[in-house]
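Okay, here's what each chain looks like letter by letter:
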Amino acid sequence: MSESSPEHSSKRKDFICGVVEGFYGRPWTTEQRKDLFIKLKKWGLDMYVYAPKDDYKHRAYWRELYTVEEAEHLTSLISEAKAHDVTFCYALSPGLDITYSSQKEITTLKRKLEQVSQFGCTCFALLFDDIEPEMSESDKQIFQSFAHAQVSVTNEIHQHLGCPRFLLCPTQYCSTRAVPTVNSSEYLNTLGEKLSREIDVMWTGPKVISKTLTTECIEEITQVLRRPPVIWDNLHANDYDQKRIFLGPYCGRSPELIPLLRGVLSNPNCEYNANMIPIWSLAHWASCSLDAPAHMEAVSWDIRLEREGERGVCEDEAPVSLGRHVYHHRQALRQAINEWLPEFSIPKTSQGPVIKPQPPVSVPPVPMVPIVPSVNTCMSLTGSVATSSTASIPTVHTSQLQALADVCSASPDRPITSTGISSIETLNPIPNPVMNSLVSPTKVILNESIPNPIIPLASSNIALPSEIPVSTLPVPMLGLKSLDTDANEKIDINETLSNDSILETASFIEEIKKDKEDDDIIVDDLEANAEQQQNGDMSLEGGSASPTRVEPLDVDPPSATADSDVVMNDGASENGSMQVEPSNSPLSGDMMVEPMGEATDATDEAVEGINANSLTCDDLILLCDLFYLPFEHGSRGLRLLHDYHWLTTHAASILPRGNKPETSEWRRRQRRFLWWGARVRRLARRIGAAANRELQTELRPYLWDLCGVIELLAAFVRWLELGKFPQNVTNNIQGTYTWFSRGWREAFESGNQEPWVFRGGLSADLRRLLPVECSPVPHAHCPPARLPLAVRPYAPADENAVCAICHKTCRDGSDCSDLFPSDLQTLPADRLVVPFLTLTPEFCMVVEDDGGCLDDNCDEGDDPESEKSDIKPTGVKPEIVGYACAALNSREFYKKQEIAWIPEMCRKYPLELTEREDLSQAAKECIRHFHEFSSLERAPESVLRAQPALLTCCVLPMVSDPHAPARLLTCLLAALRAHGASGVHVCINETDHYLQQFYTKLGFVEAARSAGRVFLARAI
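Residues numbered from 1 in each chain as written. Predicted model: local features only at pLDDT ≥ 70, side-chain atom pairs only at ≥ 80, totals over all residues. Heavy atoms only, no water.

Visitor: Can you help me understand the overall build of the protein chain in this one?
Guide: Of the regular secondary structure elements, the protein chain holds 30 helices and 21 strands. Across the protein chain, contacts joining residues at least 24 apart in sequence account for 84% of those joining residues at least 6 apart. As presented, the protein chain carries roughly 35300 Å² of accessible surface, and 51% of it is formed by carbon and sulfur atoms. (Helix = DSSP H or I, 4+ residues; strand = E, 2+ residues; numbered from the N terminus. Contact = heavy atoms within 4.5 Å. Areas by Shrake-Rupley, 256 points an atom, 1.4 Å probe, with all protein chains shown as cover.)

Visitor: Even after reading the chapter, I still don't get the packing of helix α16 (residues 635–649) against helix α18 (residues 693–721), so can you show me in this structure?
Guide: Helix-helix packing is described using two parameters, namely the angle between the two axes and the distance between the axes. Between α16 and α18, the least distance of the axes is 11 Å, while the angle of their chain directions is 25°. Relative to α18, α16 is oriented roughly parallel. For the element pair α16 and α18, the recorded crossing hand is left-handed. Judged by residue contacts, Leu-640, Tyr-644, Leu-647 and Thr-648 of α16 engage Ile-710, Leu-713, Phe-716, Val-717 and Leu-720 from α18. A breakdown of the residues in the contact of α16 with α18 according to their chemical character gives eight nonpolar, one polar and no charged. (Axes fitted to C-alpha atoms, helices over the stretch in contact; angles between N-to-C directions. Parallel < 35°, antiparallel > 145°, perpendicular 65-115°, else oblique. Left-handed = near helix turned anticlockwise from the far one by under 90°. Nonpolar A, V, L, I, M, F, W, Y, C, P; charged D, E, K, R; others polar.)

Visitor: Explain the pattern of salt bridges here, please?
Guide: Close approach of charged atoms allows side chains of opposite charge to pair. A complete count under the given rule lists 44 salt bridges for this structure. Here Glu-105 and Arg-63 are joined by a salt bridge, their closest N and O atoms 2.8 Å apart. In this pair, Glu-105 sits in helix α4 (residues 103–118) while Arg-63 sits in the loop between α2 (56–60) and α3 (68–83), placing the two residues 42 residues apart along the sequence. Residues Arg-253 and Asp-233 are paired through a salt bridge, measuring 2.8 Å at the closest nitrogen-oxygen approach. With Arg-253 in the loop between β7 (230–233) and β8 (263–266) and Asp-233 in strand β7, this pair connects stretches of sequence that are 20 residues apart. By relative accessible area, Arg-253 is classed as buried at 3%. (Salt bridge = Lys/Arg side-chain N within 4 Å of Asp/Glu carboxyl O. Buried < 20%, exposed > 50% of the residue type's maximum accessible area, 1.4 Å probe, protein only.)

Visitor: Please explain helix α30 (residues 993–1001) as it appears in this structure.
Guide: Residues lying three or four places apart along an α-helix face the same way, a consequence of the helix completing one turn every 3.6 residues. Listed as buried for α30 are Leu-995, Gln-996, Phe-998 and Tyr-999. In a view along the axis of α30, the buried residues occupy a sector of 165°, so they form one face of it. Residues Gln-997 and Lys-1001 are exposed on α30 and point more than 90 degrees away from its buried face. Turning to α30, the residues buried within the fold contact β18 (949–955), α29 (964–978), β19 (983–989), β20 (1005–1010) and β21 (1013–1019). (Arc of directions from axis to C-beta.)

Visitor: Whenever I open this one, the side chain of Asp-765 confuses me. Can you help?
Guide: Inspection of the secondary structure assignment puts Asp-765 in helix α21 (residues 761–768). Residue classification places Asp-765 among the buried residues on the basis of a relative accessible area of 2%. Here Asp-765 is in contact with His-633, Leu-641, Trp-739 and Trp-744, once residues within four sequence places are set aside.

Visitor: Got a minute to help me understand the sheet that holds strand β15 (residues 790–793) in this structure?
Guide: Ordered in space as β15-β16-β17-β18-β19-β21-β20, the seven strands form an open sheet in which the pairing is mixed. Of all strands in the sheet, those bounded by a partner on one side alone are β15 and β20. Taken pair by pair, the neighbouring strands of this sheet meet at an average axis angle of 30°, ignoring direction. Direction of pairing for β15 relative to strand β16 (residues 844–849): antiparallel, over a ladder of four bridges. Within β16, the residue paired with Ala-790 across the bridge is Glu-848. (Pairing = 2+ DSSP bridges.)

Visitor: So what exactly am I meant to see when it comes to the pairing of β18 here?
Guide: Along any regular strand the residues' side chains alternate between the sheet's two faces. Of all seven residues in β18, seven are buried, a share of seventy percent or more. Bridging between strand β17 (residues 879–887) and β18 involves six bridges; their strand directions are antiparallel. Within β18, the position partnered with Tyr-883 by the bridge is Cys-954. Pairing geometry for β18 and β19, over two bridges, is parallel. By the bridge assignment, Ala-949 is partnered in β19 with Val-984.

Visitor: So what exactly am I meant to see when it comes to the environment of Thr-190 here?
Guide: Structurally, Thr-190 is set in helix α7 (residues 186–194). When the C-alpha atoms of Thr-190 and Val-151 are compared, they prove to be 8.2 Å apart, with 39 residues separating the residues in sequence.

Visitor: Could you clarify how one ought to interpret the sheet that holds strand β2 (residues 47–50) in this entry?
Guide: Strand order in the closed barrel formed by eight strands is β1-β2-β3-β4-β5-β6-β7-β8, with parallel pairing between adjacent strands. Averaged over all neighbouring strand pairs, the angle between strand axes comes to 25°, with direction disregarded. In this sheet, β2 lies alongside strand β1 (residues 16–21) in parallel orientation, the contact comprising four bridges. When the bridges of β2 are listed, Gly-18 appears paired with Met-47. Across the sheet, α4 touches β3 (87–92) and β4 (123–127), and the angle it forms with β3 is around 160°. Along the sheet, helix α6 (residues 146–160) makes contact with β4, β5 (165–169) and β6 (199–203), crossing β5 at roughly 165°.

Visitor: Please clarify how helix α25 (residues 890–900) should be interpreted in this entry.
Guide: For α25, the complete set of buried residues consists of Ser-890, Phe-893, Tyr-894 and Gln-897. End-on, the buried residues of α25 take up no more than an arc of 100°, which puts them together on one face. What points out from α25, more than 90 degrees from its buried face, is the exposed set Glu-892, Lys-895 and Ile-899. The inward-facing, buried residues of α25 abut α24 (834–839), β17, α26 (902–908), α28 (941–946), β18 and β19. The N-cap residue of α25 is Asn-889: its side-chain oxygen and the backbone nitrogen of Arg-891 are 3.0 Å apart. (Polar contact = N/O pair within 3.5 Å; in protein donor to acceptor, adjacent residues only side chain to side chain.)

Visitor: How do you make sense of the packing of aromatic side chains when you look at a structure like this?
Guide: Each aromatic ring pair is characterised by the separation of its centres together with the angle its planes make. Counted by the stated rule, this structure contains 31 aromatic pairs. Here the aromatic cluster, defined as three or more aromatic residues joined through ring pairs, consists of Phe-37, Tyr-48, Tyr-50, Tyr-66, Phe-88 and Tyr-90. (Phe/Tyr/Trp six-rings, centres within 6.5 Å; stacked < 30°, edge-to-face > 60°.)

Visitor: Can you walk me through the confidence of the model for the protein chain in this structure?
Guide: Regions with low pLDDT carry predicted coordinates that are not meant to be interpreted in detail. Of the residues in the protein chain, 68% have a pLDDT of 70 or more, and the chain-wide mean is 76. Here residues 410–429 scores under 50 on pLDDT; set against residues more than four positions off or in separate chains, the count is 52 contacts. Taken as a whole, residues 854–873 scores under 50 in pLDDT and shows 70 contacts with residues more than four places along the chain or in a different chain. (pLDDT = per-residue confidence, 0-100.)

Visitor: Mind showing me how you'd approach the packing of α18 against α21 here?
Guide: Interhelical geometry of α18 versus α21 gives an angle of 20° and a closest axis separation of 9 Å. Overall, the two elements α18 and α21 adopt an arrangement that is roughly parallel. Classified by chirality, the crossing of α21 by α18 is left-handed. On α21, the residues that touch Asp-705, Leu-706, Val-709, Ile-710, Leu-712 and Leu-713 of α18 are Leu-762, Ser-763, Leu-766 and Arg-767. Residues that form the contact of α18 with α21 fall into these classes: seven nonpolar, one polar and two charged.

Visitor: Help me out: how do you make sense of the pairing of β2 in this one?
Guide: Burial along β2 is two-sided: the residues Met-47 and Val-49 and Tyr-48 and Tyr-50 are all buried. Traced from β1 through helix α1 (residues 30–43) to β2, the parallel crossover comes out right-handed. Taken together, the four bridges between β2 and β3 define a ladder with parallel strand orientation. Along β3, the bridge assignment pairs Val-49 with Cys-89. (Right-handed = clockwise from strand over helix to strand, strands pointing away.)

Visitor: What am I meant to see in unusual backbone geometry here?
Guide: Leave glycine aside and you will find that most residues have negative phi; peptide bonds, for their part, are mostly trans. Geometrically, the link from Val-179 to Pro-180 is a cis peptide bond, its omega value of -5° lying close to zero. Even without being glycine, Asp-130 reaches a positive phi, approximately 55°. Along the chain, Asp-130 falls in the loop between β4 and α5 (137–142). Phi angles above zero are rare outside glycine, and Arg-226 is one such case at about 60°. Classification of Arg-226 by relative accessible area gives partly exposed; the value is 41%.

Visitor: Mind showing me how you'd approach the environment of Ser-750 here?
Guide: Looking at where Ser-750 falls in the secondary structure, it is placed in helix α20 (residues 744–750). Since its relative accessible area comes to 10%, Ser-750 is described here as buried. With 119 residues separating them in the primary sequence, Ser-750 and Phe-631 have C-alpha atoms 7.2 Å apart. Side-chain polar atoms of Ser-750 contact the backbone nitrogen of Asn-752, separated by 3.1 Å.

Visitor: Help me out: how do you make sense of the nonpolar core in this one?
Guide: Generally speaking, a soluble globular protein has its nonpolar side chains buried in company with each other. Counting 251 residues, the largest nonpolar core has Phe-88, Tyr-90, Trp-340 and Leu-951 as the members making the most contacts within it. Of all the elements, α18 adds the most residues to this core, at 16 residues. Apart from the residues lying within four places of it in its own chain, the contact partners of Trp-340 are Leu-247, Asn-273, Ala-274, Met-276, Ile-277, Leu-620, Leu-623, Cys-624, Leu-695 and Leu-699. One finds Val-943, Leu-944, Ala-1008 and Phe-1015 within the second-largest nonpolar core, a separate group that totals five residues. (Core = buried A, V, L, I, M, F, W, Y, C linked by side-chain atoms within 4.5 Å.)

Visitor: Explain the state of the cysteines here, please?
Guide: Inspection of every chain in the model, using the stated rule, returns zero disulfides. Free cysteine Cys-954: the closest other cysteine sulfur is in Cys-806, separated by 6.1 Å. (Disulfide = S-S within 2.5 Å.)

Dropping the structure here:
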């Protein structure tokens, strides 16, 4: 056993602990399950439950016997589990359509389980979860209640099989689904009284996904069931959200609960290879008997930020020395990462993605509150086009939580109606494809020709009370994960807990304290600022539980003393700690950066024997913090949230104030935000270069999405650095409902609501901070091999490249060189784009390709204090591949052109040129445009009033980053919004189908047509 393997010799002999493959979506493969058995034995776990919801004959076609080929795979799994001392529990889910009173059905059920018993299986389970609690008319004539029907069938099957080890998952499997309460539930009391005492009952806790399990809740269900429960733990399940994966440690359950439980089975992420930390930390937890002392679990990371200014730097009570059987989740995380890291270097091939639709999560049929965001600020999970539109304000009041859920789930293809229900929820969701994991050792086979009889509960006709909290709704974990399988990388570094950034050396703390004494930075008035601005009020009745978790890991790059002339409100203060990446810190307070500088990239330390492209434990700590747990973001994710919010909240400080611009603190924060963004990019590139392609493909979609969001925010931060905005900029760029809205974070962290209410995880929370949306695609199931392209403000040196792009695309998306003679090749750019570059350069953005390939062997680390070069660390000079330009007010822009641009163009292109015989009609039209400019017809008055801003955008056709146009345009629209613009329009030729499709995908709709031109517009 390795040093990092959990000690399990003290585990209670009758305590079952392991994994249940019980999620919706693509099942694991035979080889993955066999690999799991090896790990379970190594870590001291003893049970695996086969229960993949969408596997062919587990649920949808539960009556069908296994074929010879399928039987061979299932037999090999059972044998492999036995060889590793793991109990293979075969579960069947007949509850969707079984007739409990039919002897034929019972015989069919017996025959199916007898067949599996012949394969060598000695443990079985019947699952009646996520079904409608209604019996057929024939069942009602035989059985007194739904519970009596299930108990009768279960007891009979148990006896027929010879009373093997047996488990039951009830229909009311958590407190919020117990009707009316756990103690008063007739269903649960019937199970407790009538079900054979030899049968164990599964229970998920207070909720479907429970943040915490307490002694009180376990004792309550134990009393009702008359037996200790087996916890079906959904803490790391992610099948309900396409955007989230959970890599944090097992927590929120004290090891002191173990004597009160029959066992714990983790239902983890759909992505098999992403479950090393959840399962390892569960094993370590099961081997412990005590929690870490309370003072080590007292205050969450962002709470420490708020208190930091009052008491100086908060020193973490780090668990330097813990007893062998004391559990601390961050210590478990570090040890699990040491175990996970070598997996990235094991060569494995990728299966390729399995793309599946995600059935909508049902929304309660109640009206929403009249606090509706005017802009869709959430990246759509199911839609294809995300436009900004003003929602109608209903007159009926209800819970503010409903508005929160609507903000998270609304999108243009799922508009919010006056009743708060998206129209798509009135339709039957598309059934999941039928999948079979028992016919190939390494692949899951899709058979779309076979109809799936499963009707997701979201479309069922369950009667709901007039008032019901979101967390009690009958919403199973129906969101389907689209799974890929691919790569990773290994570096064998034996980093112990003492190397974790959780620890702070005395000298380092003293240094930080000294820095603090020299600083004049005032602490956080962030919350007050947020309330004064555009953030919506999300306070919830009854309050919310305070976070009880310490996030001791440092999230700051190594810091030097901040500028002493800065007096600012600090929304995310500096925690001192051991350095994660000690070299090339971007935080030196006196270090200045050029306004047009590139993003500061993280630098790889020169470590002997370690390739610069190799993953390290610190990389995986960052990864876990970015995709932490359902009810909390990791410390580094919170740092990104806080720093970006601070930068936008204090953006006005970048503007000159008399003779002394007080910008040092703002620039320091900006460097830190860009530095951490570069660290995320480097993480994505390192994972992309790993040998384990299966693991890489599972993680890449999540990292790619997050990199794209961070790249978007970084682009807007670079634009803010220019200082080309009004003093009231903060009022214009704050999201309506964000992480910093009153009550949002509290509701998210409290665990009082199911986590599917807060869709999208850290990526969505970051994205909502920029309240402009024009993303054309949802979750990147199969992301490009390249990292997301960078967007930045236009610089004068970019003019030639921008003009070249205009030239290559202005002919309905193709090159127009043959339309213009060699001496007049500049005509189209002078007409279409150069006026913007000349007159409104502050509203011009470019997207560039810097060669940031996921699979290259280069490093992305710049020294942040060095002079910026146009040659990236990849060795590739960035190439501009797109631009977007705008004018805040089209009327004023046209007037400026008449004064400052058109006269020069008339001299450059005299009207006499139109008499040349070698000119095409397009060239002549361009020349006449300049000479007839004042008489040209403009957009209709209705368009100019509602969408006064004018925009033009072109991006070269590319496959490396299909999201780049959306990020480019989003950043430019955010810049317009910072100036108070409410809408924007574009003018194109009605024959230009390329641009019509381009703008339509980005949320523009036709507003008017006139004289062969089309005016497309959208709100901002």
